[in-house]
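# Coordinate inspection notes
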Amino acid sequence: MTESNLAGIDRIELMQTFIRIVEAGSLSGAAARMGTSQPTISRRLQTLERLLGLKLLQRTTHIMKLTDDGERCYSHAKELVESWNAMEDDLRSASDEPRGLLRVLVPHAFGQDQLIKPLKDYLYQYPKMSVEWMLNDRRPDFIAEGIDCAIQVGAVTDPSVVAVLLAEVPRIVIAAPELLNNRPVPTHPEQLQDFHWLALNSFYRNEAVLSHKKNGEIYRLSIQPQLSTDSLYALRNAALAGLGAGIASTWVISDDLIKGRLVHLTPDWQGLPLPIYLVYPHASYYPARLRAFLDIMRQAMASLAGTQRPTKKSRDK
């Protein structure tokens, strides 16, 4: 490629491509994320290396590794692209309509039920946006997977991310009526000791922790679950089948309680509420599509059926 041809190259696009290659870990991965072909990604990488006069990547059949120059280039490219995006966003003003693709990881149960309404609000308000809605309860690697943000139910322990507390999910002890065997509904957690138990192992396994609604007293109950699962829906269905008592989020079993399919045990005691966070990686610049999504989630989350306003402080500092 001649000097005159190099002069007309879109350097920002080359830097964006290089960043995607590094984050995806391969040329094919970068191509998939950018919606283009692997030969196109390869050409852009070669053009960038020719433009800089540097070798940025060392590639073999099995591995891809940044050179020292590639490490420095990646760091500068990140700063450059973030600054460019911030400038574009500022010049277009905050009122500019978000557009593009937002990739969001959401909990499997909550993401296919309660979160659909705020997602609908987001897409209706910003019709030029599209969302990749990924259902999974795992913790994402934002950079490597190209994920913009995640909704996370439960504690956030990773100090490298921003965690915005949106709401809390109340939880109660439930069981099928036949499990009582004509006995009165238990009123104290110690009366639950002899029940068969179901465990939602994402949040409790061998101990059920309950708090008194009025005085905040904590009671810890050791359990040996007959069934443990990572699915809230599986726990609900197992409870409906009479396999045992369990602690369930109120939103998923409210209709069962109304229709008498399940019974609320120890009504003065409840499971500790689960926090709901919007989580995303730290950056010097956040695109309009992410900021708009955060605003809508903040407004909508605490008003959803089966959620409540948070009682603890956010970590979005």
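Treat the numbers as computed from the prediction; the structure is a model and nothing was measured.

## Re the pattern of salt bridges
Enumeration according to the criterion identifies 13 salt bridges in this entry. The shortest N-O distance in the salt bridge between aspartate 148 and arginine 289 comes to 3.5 Å. Residue aspartate 148 is found in the loop between helix 8 (142-145) and strand 5 (149-153), and its partner arginine 289 is found in helix 11 (residues 288-301); the two are separated by 141 residues along the sequence. Each of Arg236, Asp255, Asp256, Lys259 and Arg261 takes part in one network of salt bridges that share partners.

## Brief notes about the domain arrangement of the protein
Domain annotation of the protein identifies domain 1 (11-92), domain 2 (101-167 + 275-302) and domain 3 (169-272). If you average the C-alpha positions of domain 2 and of domain 3, the two centres end up 29 Å apart. Contacts between the two partners involve nine residues from domain 2, matched on the other side by six residues from domain 3. Here domain 2 meets domain 3 over a buried area of about 620 Å², counting both sides, of which 72% is carbon and sulfur. When the buried area of domain 2 at its contact with domain 3 is split by residue, Ala109, Phe110 and Val153 rank highest and sum to 46% of it. Along the contact surface separating domain 2 from domain 3 lie zero salt bridges. Our count for the contact surface shared by domain 2 and domain 3 stands at one residue pair in polar contact (both at pLDDT 80 or more).

## Thoughts on the pairing of strand 3 (residues 100-106)
The element strand 3 is largely enclosed, with a buried count of five among its seven residues. Here strand 3 pairs with strand 4 (residues 129-135) via seven bridges, running parallel. Bridge assignment links leucine 105 to a residue of strand 4, and that residue is methionine 134. With two bridges connecting them, strand 3 and strand 5 associate as parallel partners. What sits directly across from leucine 105, in strand 5, is alanine 150.

## Notes on unusual backbone geometry
You will see that asparagine 182, though not glycine, has its phi angle at about 70 degrees, which is positive. Relative to the helices and strands, asparagine 182 is located in the loop between strand 6 (161-175) and strand 7 (198-200). A relative accessible area of 80% places asparagine 182 in the exposed class. Not every positive phi belongs to a glycine, and threonine 266 is a case in point at roughly 40 degrees. Mapped onto the elements of the fold, threonine 266 is located in the loop between strand 12 (263-265) and strand 13 (269-281). Threonine 266 sits in the buried class, given a relative accessible area of 0%.

## Some thoughts on the nonpolar core
Within soluble globular proteins, side chains that are nonpolar generally end up buried alongside one another. In terms of nonpolar packing, the biggest core is built from 63 residues, with Trp197, Leu265, Leu278, Phe293 and Met301 touching the most fellow members. With nine residues, the top contributor of residues to this core is strand 6. Residue-level mapping places this core at the junction of two domains, with at least three residues from each of domain 2 (101-167 + 275-302) and domain 3 (169-272). With residues up to four places along the chain from it excluded, the contact list for methionine 301 reads Phe110, Leu115, Leu166, Ala167, Ile276 and Thr307. Residues Phe18, Ala30, Leu57 and Leu66 belong to the second largest nonpolar core, which totals 18 residues.

Cut-offs used in this document
Residues numbered from 1 in each chain as written. Predicted model: local features only at pLDDT ≥ 70, side-chain atom pairs only at ≥ 80, totals over all residues. Heavy atoms only, no water. Salt bridge = Lys/Arg side-chain N within 4 Å of Asp/Glu carboxyl O. Helix = DSSP H or I, 4+ residues; strand = E, 2+ residues; numbered from the N terminus. Domains from an automatic or database assignment. Contact = heavy atoms within 4.5 Å. Buried area = accessible area lost by both parts, 1.4 Å probe. Polar contact = N/O pair within 3.5 Å; in protein donor to acceptor, adjacent residues only side chain to side chain. Buried < 20%, exposed > 50% of the residue type's maximum accessible area, 1.4 Å probe, protein only. Pairing = 2+ DSSP bridges. Core = buried A, V, L, I, M, F, W, Y, C linked by side-chain atoms within 4.5 Å.

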